[in-house]
Amino acid sequence: MKPTALSVEALLKMKAAGEKIAVLTAYDASMTQHLENAGVEVILVGDSLGMVVQGHDSTLPVTVDDMIYHCRLVARARQRALLIVDMPYHSYTCAEEARANAQRLIAEGGADMVKLEGAGPVLEAITAIIDAGIPVCGHLGLLPQSIEELGGYKVQGREQAAADRMLADAQALQAAGVDMVVLECIPSSLGKRITGAVSMATIGIGAGPDCDGQVLVLYDLLGLTPGKRPRFSKDFLTEMGPGKGISEAVQAYVKAVKSGEFPAPEHGFK
Ligand code: KIV
């Protein structure tokens, strides 16, 4: 980690103080500079790059080498933000593979933390990574790497049993040593319930206003993603009107997350 970068402990203090954490994805150095200037606390090199940069229709084709390449570009411009990188599909199918790939993402990519999707069968991989001294961010709810099993991009955890399972998964991640978890596309009430039940920092994307922080795919925020925008995202750039640029849009996002103005009820799920 860069000596000037925010630590996980600093983010957990923000949770304790009720200060919202602003997170965005980035895939290159120029955008990272905009995020740094706006005071984003966490930058995620997401495997969403498979869709928004590489043009695939899912995140599944993304490789560890792709993630290392983009993470390096971001790491070069990163100053203060904590830098998280996604472990791509099929890069953590067993403990040994997970540890070796996580070590590459940290050493070659320059990340501070790796993110893995799921709990249950993934806990062994997570434990191996944490035992190697690498901090881990979890990801629950809608898991884009399991999109085929989930049958599409659908809200998760609506039924009581599924909601209870997700809370148990969050607690299992915490017990394994995970400090932060992304909650994607779940009812706002469940986002609130999990956030209140764990000491990890929860980062929501379509998980309601009560999570400890919020994340968006940068290209959605800038209106660059073609086609229909997901309900939980907001095109801050277009909504600002003519004459505004990337910096102003990212600053508006950070301000809206900090004030609790974003996400609004229309960005959430029941
Ligand atoms: O890959 C990604 O960008 C992500 C965010 C949507 C949380 O995982």
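Everything quoted here is computed from the prediction, not taken from an experiment. (Residues numbered from 1 in each chain as written. Predicted model: local features only at pLDDT ≥ 70, side-chain atom pairs only at ≥ 80, totals over all residues. Heavy atoms only, no water.)

Once that is clear, we can look at the overall build of the protein chain. For the protein chain, the helix and strand inventory stands at twelve helices and eight strands. Here the C-alpha coordinates of the protein chain stretch approximately 50 × 40 × 40 Å along the principal axes. By the burial criterion, 56% of the 270 residues in the protein chain qualify as buried. Sequence-distant contacts, at least 24 apart, represent 63% of the contacts inside the protein chain between residues at least 6 apart. (Helix = DSSP H or I, 4+ residues; strand = E, 2+ residues; numbered from the N terminus. Buried < 20%, exposed > 50% of the residue type's maximum accessible area, 1.4 Å probe, protein only. Contact = heavy atoms within 4.5 Å.)

Tallied over the full model, the rule gives four aromatic pairs. When the ring of Tyr27 is compared with that of Tyr219, the centres are 5.5 Å apart and the planes differ by 85°; the resulting orientation is edge-to-face. Of the two residues, Tyr27 is situated in the loop between strand 1 (21-25) and helix 2 (29-38) and Tyr219 in helix 10 (residues 218-221); the sequence distance between them amounts to 192 residues. A relative accessible area of 16% means that Tyr219 is categorised as buried. Members of the aromatic cluster, each reached through a chain of ring pairs, are Phe236, Tyr253 and Phe262. (Phe/Tyr/Trp six-rings, centres within 6.5 Å; stacked < 30°, edge-to-face > 60°.)

Strands in a sheet are paired, the pairing made by backbone hydrogen bonds, and the direction either parallel or antiparallel. Taking strand neighbours around the barrel as the criterion, the eight strands line up as 1-2-3-4-5-6-7-8 in a closed arrangement whose pairing is parallel. On average, adjacent strands in this sheet sit at an angle of 25° to one another, irrespective of strand direction. Across two bridges, strand 7 (residues 201-205) lies against strand 8 (residues 213-216) in parallel orientation. Looking across to strand 8, one finds that Gly204 is bridged to Gln214. (Pairing = 2+ DSSP bridges. Axes fitted to C-alpha atoms, helices over the stretch in contact; angles between N-to-C directions.)

A few words now on the side chain of Ser58. Looking at the secondary structure, you find Ser58 in the loop between helix 3 (49-52) and helix 4 (64-77). At a separation of 3.1 Å, a polar atom in the side chain of Ser58 contacts the main-chain amide nitrogen of Leu60. For Ser58, the contacting residues outside a window of four places in its chain are Gly50, Met51 and Tyr153. (Polar contact = N/O pair within 3.5 Å; in protein donor to acceptor, adjacent residues only side chain to side chain.)

Contacts to the ligand come from Thr25, Leu44, Gly46, Asp47, Ser48, Asp86, Lys115, His139, Val182, Ile205, Val215 and Val217. Between Asp47 and the ligand, the recorded distance is 3.1 Å, taken from a side-chain N or O atom to an oxygen atom. Note that an oxygen atom of the ligand is positioned 2.9 Å from one of the side-chain N or O atoms of Lys115. A per-class count over the shell around the ligand returns five nonpolar, four polar and three charged. (Near = heavy atom within 4 Å. Nonpolar A, V, L, I, M, F, W, Y, C, P; charged D, E, K, R; others polar.)

Now for unusual backbone geometry. Working note: non-glycine residues mostly have negative phi, and peptide bonds are mostly trans. A cis amide bond, omega 5°, links Phe262 with the succeeding residue Pro263. Positive phi values are uncommon outside glycine, yet His90 reaches one of about 65°. By the secondary structure assignment, His90 is in the loop between strand 3 (82-86) and helix 5 (95-107). Of the residues examined, His90 reaches a relative accessible area of 53% and is grouped as exposed. You will see that Cys185, though not glycine, has its phi angle at about 55°, which is positive.

For helix 4, spanning 14 residues, the distance from its first C-alpha to its last is 20 Å, which sits close to the expected 20 Å at 1.5 Å a residue. Residues Val64, Met67, Ile68, His70, Cys71, Leu73, Val74, Ala75 and Ala77 constitute the buried set of helix 4. Considering only its buried residues, helix 4 is in contact with helix 2, strand 2 (42-45), helix 3, strand 3 and helix 5. (Expected span 1.5 Å × (residues − 1).)

This part takes up the pairing of strand 7. Among the five residues of strand 7, five are classified as buried, and the element is accordingly described as predominantly covered. The alternating pattern of strand 7 places Ala201, Ile203 and Ile205 on one face and Thr202 and Gly204 on the opposite face, and all of these are buried. Where strand 6 (residues 180-184) and strand 7 come together, five bridges link them in parallel fashion. The residue bridging Met180 from the neighbouring strand is Ala201, located in strand 7. The parallel pair strand 6 and strand 7 is bridged by helix 9 (residues 188-197), and the resulting crossover is right-handed. (Right-handed = clockwise from strand over helix to strand, strands pointing away.)

What follows is about the nonpolar core. Ranked by internal contacts, the top residues of the largest apolar core, which has 91 residues, are Val114, Leu116 and Leu221. In this structure, Leu221 is in contact with Leu24, Leu216, Lys234, Asp235, Phe236, Leu237, Ala249, Val250 and Tyr253, ignoring residues within four places of it in sequence. (Core = buried A, V, L, I, M, F, W, Y, C linked by side-chain atoms within 4.5 Å.)

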